[in-house]
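Survey of secondary and tertiary structure
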Amino acid sequence: MASITVEDSENLEKAIKRFKRMVEKEGIIREYKKREYYEKPSTILNRKNKTLQRKLIKKTHKTHEKTVY
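Model, not experiment: these values are computed from the prediction. (Residues numbered from 1 in each chain as written. Predicted model: local features only at pLDDT ≥ 70, side-chain atom pairs only at ≥ 80, totals over all residues. Heavy atoms only, no water.)

Some thoughts on the layout of surface pockets
In this structure, the largest pocket encloses a volume near 150 Å³. For the largest pocket, the full set of lining residues is Glu-31, Lys-34, Arg-35, Tyr-37, Tyr-38, Glu-39, Ile-44, Arg-47 and Lys-48. Elements represented by at least two residues in the lining of the largest pocket include exactly helix H2 (28-34) and helix H3 (41-67). Broken down by element, the residue count for the lining of the largest pocket peaks at 3 residues, all from H3. Of the residues belonging to the lining of the largest pocket, the class tally is 3 nonpolar, no polar and 6 charged. (1 Å grid on protein atoms, 1.4 Å probe; cavity = no way out; pocket = protein on both sides within 12 Å on 5 of 7 lines; lining within 4 Å. Points joined across faces, edges and corners; volume = space filled by probe spheres on them. Helix = DSSP H or I, 4+ residues; strand = E, 2+ residues; numbered from the N terminus. Nonpolar A, V, L, I, M, F, W, Y, C, P; charged D, E, K, R; others polar.)

Pasting the structure below:
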């Protein structure tokens, strides 16, 4: 869990900015949005397969572009 210590002389806006950066780095908000609603296991699997297919297609397009003169 993200936590910061704020010193007496530190500006509050800087502390908030530092906290936001830490939360973003740890991926807390992304994880929250992912778990906000229940998703069936089959839906998760389908989504992962689609992203994998997109990556493979993109990779094959890149290799074909390099070989074509």
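Considerations on the pattern of salt bridges
Going through the model one piece at a time under the given rule, you end up with 4 salt bridges. Note that Lys-34 and Glu-31 form a salt bridge whose closest N and O atoms lie 3.9 Å from each other. Linking Lys-34 with Glu-31, this pair stays in helix H2, spanning 3 residues, or about one helical turn. Its relative accessible area of 29% is what places Glu-31 among the partly exposed residues. Through salt bridges with shared partners, a single ionic network connects Glu-31, Lys-34 and Arg-35. (Salt bridge = Lys/Arg side-chain N within 4 Å of Asp/Glu carboxyl O. Buried < 20%, exposed > 50% of the residue type's maximum accessible area, 1.4 Å probe, protein only.)

Looking at helix H1 (residues 12-26)
The end-to-end C-alpha separation of H1 is 21 Å, in line with the 21 Å expected for 15 residues at 1.5 Å each. At the C-terminal side of H1, Gly-27 shows a positive phi close to 75°. (Expected span 1.5 Å × (residues − 1).)

Some points on the confidence of the model for the chain
Considering every residue of the chain, the mean pLDDT works out to 90; 96% of them sit at 70 or more. Averaged over each element, pLDDT in the chain is lowest for H3 (90) and highest for H1 (92). (pLDDT = per-residue confidence, 0-100.)

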